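Descriptive structure summary
Here is how the chains run, residue by residue.
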Amino acid sequence: GRSVATRGRFRHGPGHPCDHPDMDHGSGQDSGHDAASHGWDAGEFVDPAAESREGAYALLRRGEALMRGRHHAQASIVLERAARIEPGKGSILEALGRAYYNSGQHERSAATFGALLEIDPSAHYAHFGLGQSLKHLGRLREARTHLRLAVALSPGSRLYRGALDRLPDPDD
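Here's a quick rundown of the structure.

The rules behind the values
- Residues numbered from 1 in each chain as written.
- Predicted model: local features only at pLDDT ≥ 70, side-chain atom pairs only at ≥ 80, totals over all residues.
- Heavy atoms only, no water.
- Salt bridge = Lys/Arg side-chain N within 4 Å of Asp/Glu carboxyl O.
- Helix = DSSP H or I, 4+ residues; strand = E, 2+ residues; numbered from the N terminus.
- Buried < 20%, exposed > 50% of the residue type's maximum accessible area, 1.4 Å probe, protein only.
- Core = buried A, V, L, I, M, F, W, Y, C linked by side-chain atoms within 4.5 Å.
- Contact = heavy atoms within 4.5 Å.

**A few points about the pattern of salt bridges**
- Applying the stated rule across the entire model yields four salt bridges.
- Its salt-bridge partner being Arg61, residue Glu64 comes within 2.1 Å of it at the nearest N-O pair. Here the residue Glu64 and the residue Arg61 both occupy positions in helix α3 (residues 56–68), the gap between them amounting to three residues, near one helical turn.
- Judged by its relative accessible area of 37%, Arg61 is partly exposed.
- One salt bridge in this structure joins Arg161 and Asp165, with 3.5 Å as the shortest N-O distance. In this pair, Arg161 and Asp165 both sit in helix α9 (residues 158–166), four residues apart, roughly one turn of the helix.

Right, here's the structure in full:
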């Protein structure tokens, strides 16, 4: 898993292989790991001071520009920074979920769209994104539920209807 720097140290994202109860992953607390413990080079280090100099809105715009250029993995890195600055911001989570999805990081996209739904349960695009992510993870029953919700919340969307219609039957 990709880690991010916190006060000059590294913190792992959710699901990292060395995730265990006495390590606080994802809360902004120092996990006690440094670059050398995982063989990372200086390119993995995110300077917290530089991160705070560039605002969340500017990072969101940069991430969106990278996605327009089809650089989804790079966009996810920029958008992760925006999400650390503005946790729980729906527009950032939606963009981050799309970047994860389009770069093939379906576990992360599902978790991100799920977090967006905790903030706004009526976010039709979040249901669509979660449904598509779950489909790629082979979780077809859950995918169908979220795609149905997306269609119900935005009945005029041909995108949502098409995704639901193309979903294989989980009993097949």
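Now, onward.
**Focus: the nonpolar core**
- The biggest cluster of nonpolar side chains holds 19 residues, and the ones touching the most others in it are Leu117, Ala126, Phe128, Leu130, Leu147, Tyr160 and Leu167.
- Those elements that provide at least two residues to this core are α6 (106–119), α7 (124–136), α8 (140–153) and α9.
- Take this core: its biggest share by element is five residues, from α8.
- Ignoring anything within four residues of it in the chain, the contact list for Tyr160 reads His124, Tyr125, Phe128, Ala150, Val151 and Ser154.

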